[in-house]
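Coordinate inspection notes
Take a look at the letters that make up each chain.
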Amino acid sequence: MTLPVRAAVLASPDYPFVPIDAPIKLDQNEASEDFPAHLKALVLERLSHTKWHRYTDLNSEALCAAIAQYEGWSPSGVVVTTGSNVLIALLIQLAALDKRVVTVKPNFSLYGLDAKLLGAALTEVPLRSDFSIDVDGLISSIRDNGDDPACTGGVIYLPQPHAPTGSIVTSSELEKLALASSEWLTVIDEAYHQFAGTNSTELARSFPNVLLLRTFSKAWGLAGLRIGYALASDEVARQLRKLVPPFAVSVMQTVAAEVALANAGYVRERVDRTVRERERIALALKGHPSWKVYPSSANFLLIRTPDAASASEQLLKAGVLVRRQDAYAGLEGCIRVTVGTVEENDAFLRAAGV
Ligand SMILES: *Cc1c(COP(=O)(O)O)cnc(C)c1O
């Protein structure tokens, strides 16, 4: 029997993640510490007074307003979903079905996976050998429609900082891309922007074709609750909302995000600590006889080892779980380690042998 499933779905691999249990979990770029206990208690207290039998706001209006105030953005330009990764497929539905998705490679794998699942033509521009992003290459790629005038426009996906390398592009290069891509929805995925001190809101304000993705999963320490959002022009956001299921975001997500936003000081403190630890690990690894660590502006480090399988096995024997990246072309031998607590990072460095 053939399955009643589209060929593109049948041909698509499962999401490349295998859960492994380990005492020191440095494989998913999560926050190293849980959401602060006193804020968790506040969320639970508020939830106990919330009606669970009622639907939440149709489009999370109250949460959008809180995010807008925090970001200095227009409330009508905020779109909230259950994690920002939900938006990746929705933005392809919004602007790239039967059109193109242009991104870089290697890259956060979901952009390419969703493009293929949804039948958009996918172009992936290779990173330069130092892992910097070839903005001119991206620009020539969006101009080259293979002489098919129907195949003009679509979505450009650019993570800033880039995952999994941690590199960043300058704001002038981003502006150059935004200028050249006025007929494209240009998505800057800022999942890790707090760790880089970068922020593309000014760019997105000047260019209505630029949309930013933000998440509560990394610096905010709320990955388990699944909350993300887009900052877009009012017009793009209004169209995007049509694609988000009604009443999608639960009271639990709404209350937690509101409490986090009202107490955002804890994030600043944690980001500073993470950045200090990232630089400490990078410096220590420079003394490794055979591993090469790349500069990163995120909460993780990419490391080239002679053999990713034996490097990750060596670390796991000491209880430290990292993520192999060697399946990506150009990342042969690479592993990615999330910056953890001081103790976790010490354990990682010990296991690495430095
Ligand atoms: C972690 C991550 C996200 C966040 O996804 P959520 O669905 O919000 O948890 C988005 N983009 C990139 C590049 C990431 O690494």
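Treat the numbers as computed from the prediction; the structure is a model and nothing was measured. (Residues numbered from 1 in each chain as written. Predicted model: local features only at pLDDT ≥ 70, side-chain atom pairs only at ≥ 80, totals over all residues. Heavy atoms only, no water.)

Taken together, the neighbourhood of the ligand is formed by Gly 83, Ser 84, Asn 85, Phe 108, Tyr 111, Asp 189, Ala 191, Tyr 192, Thr 215, Ser 217, Lys 218 and Arg 226. Take Thr 215: an N or O atom from its side chain is 2.6 Å from an oxygen atom of the ligand. Arg 226 is positioned such that a nitrogen or oxygen atom in its side chain is 2.7 Å from an oxygen atom of the ligand. Here the ligand loses 92% of its free accessible area of 390 Å² to cover by the protein chains. The residue inventory of the shell around the ligand, partitioned by class, reads 4 nonpolar, 5 polar and 3 charged. (Near = heavy atom within 4 Å. Polar contact = N/O pair within 3.5 Å; in protein donor to acceptor, adjacent residues only side chain to side chain. Areas by Shrake-Rupley, 256 points an atom, 1.4 Å probe, with all protein chains shown as cover. Nonpolar A, V, L, I, M, F, W, Y, C, P; charged D, E, K, R; others polar.)

With that out of the way, let us pick up the sheet that holds strand E5 (residues 154–159). Pairing within the open sheet is mixed, and its 7 strands lie in the order E2-E8-E7-E6-E5-E3-E4. Whereas interior strands pair on both sides, the edge strands pair on one side only; in this sheet they are strand E2 (78–81) and strand E4 (121–126). Put simply, the sheet's adjacent strands are angled 20 degrees from each other on average, direction ignored. Packing of helix H7 (residues 171–180) onto the sheet brings it into contact with E5, strand E6 (185–189) and strand E7 (210–215), and relative to E5 it is tilted by some 175 degrees. (Pairing = 2+ DSSP bridges. Helix = DSSP H or I, 4+ residues; strand = E, 2+ residues; numbered from the N terminus. Axes fitted to C-alpha atoms, helices over the stretch in contact; angles between N-to-C directions. Contact = heavy atoms within 4.5 Å.)

Looking now at the packing of helix H4 (residues 85–95) against helix H5 (residues 110–118). Contact pair H4 / H5: the axes reach a minimum separation of 10 Å and the direction vectors enclose 45 degrees. Of the possible angle classes, the one that applies to H4 and H5 is oblique. In this structure, H4 crosses over H5, and the sense of that crossing is right-handed. Contact residues: Asn 85, Ile 88, Ala 89, Ile 92 and Gln 93 in H4; Leu 110, Tyr 111, Asp 114, Ala 115 and Leu 118 in H5. (Parallel < 35°, antiparallel > 145°, perpendicular 65-115°, else oblique. Left-handed = near helix turned anticlockwise from the far one by under 90°.)

Glancing now at the packing of aromatic side chains. What the rule picks out here adds up to 10 aromatic pairs. Residues Tyr 55 and Phe 247 carry aromatic rings whose centres are separated by 4.8 Å and whose planes lie at 35 degrees to one another, so their mutual orientation is tilted. Of this pair, Tyr 55 sits in the loop between helix H2 (37–48) and helix H3 (61–71) while Phe 247 sits in the loop between helix H10 (234–241) and helix H11 (251–262), placing them 192 residues apart in sequence. A relative accessible area of 69% places Tyr 55 in the exposed class. Exposure remark for Phe 247: the relative accessible area of 35% places this residue in the partly exposed category. Between Trp 220 and Tyr 266, the aromatic rings sit 6.3 Å apart at their centres with planes inclined by 70 degrees, giving edge-to-face as the arrangement. Taken as a pair, Trp 220 in the loop between E7 and strand E8 (228–231) and Tyr 266 in helix H12 (residues 265–285) lie far apart in primary sequence, 46 residues in all. The residues Trp 220 and Tyr 266 share a single accessibility class, namely buried. Here the aromatic cluster, defined as three or more aromatic residues joined through ring pairs, consists of Phe 35, Tyr 70, Phe 216, Trp 220, Tyr 229 and Tyr 266. Across the ring face of Phe 300, the terminal group of Arg 336 is positioned such that the distance to the ring centre comes to 5.8 Å. (Phe/Tyr/Trp six-rings, centres within 6.5 Å; stacked < 30°, edge-to-face > 60°. Buried < 20%, exposed > 50% of the residue type's maximum accessible area, 1.4 Å probe, protein only. Lys NZ or Arg CZ within 6 Å of the ring centre and 35° of its normal.)

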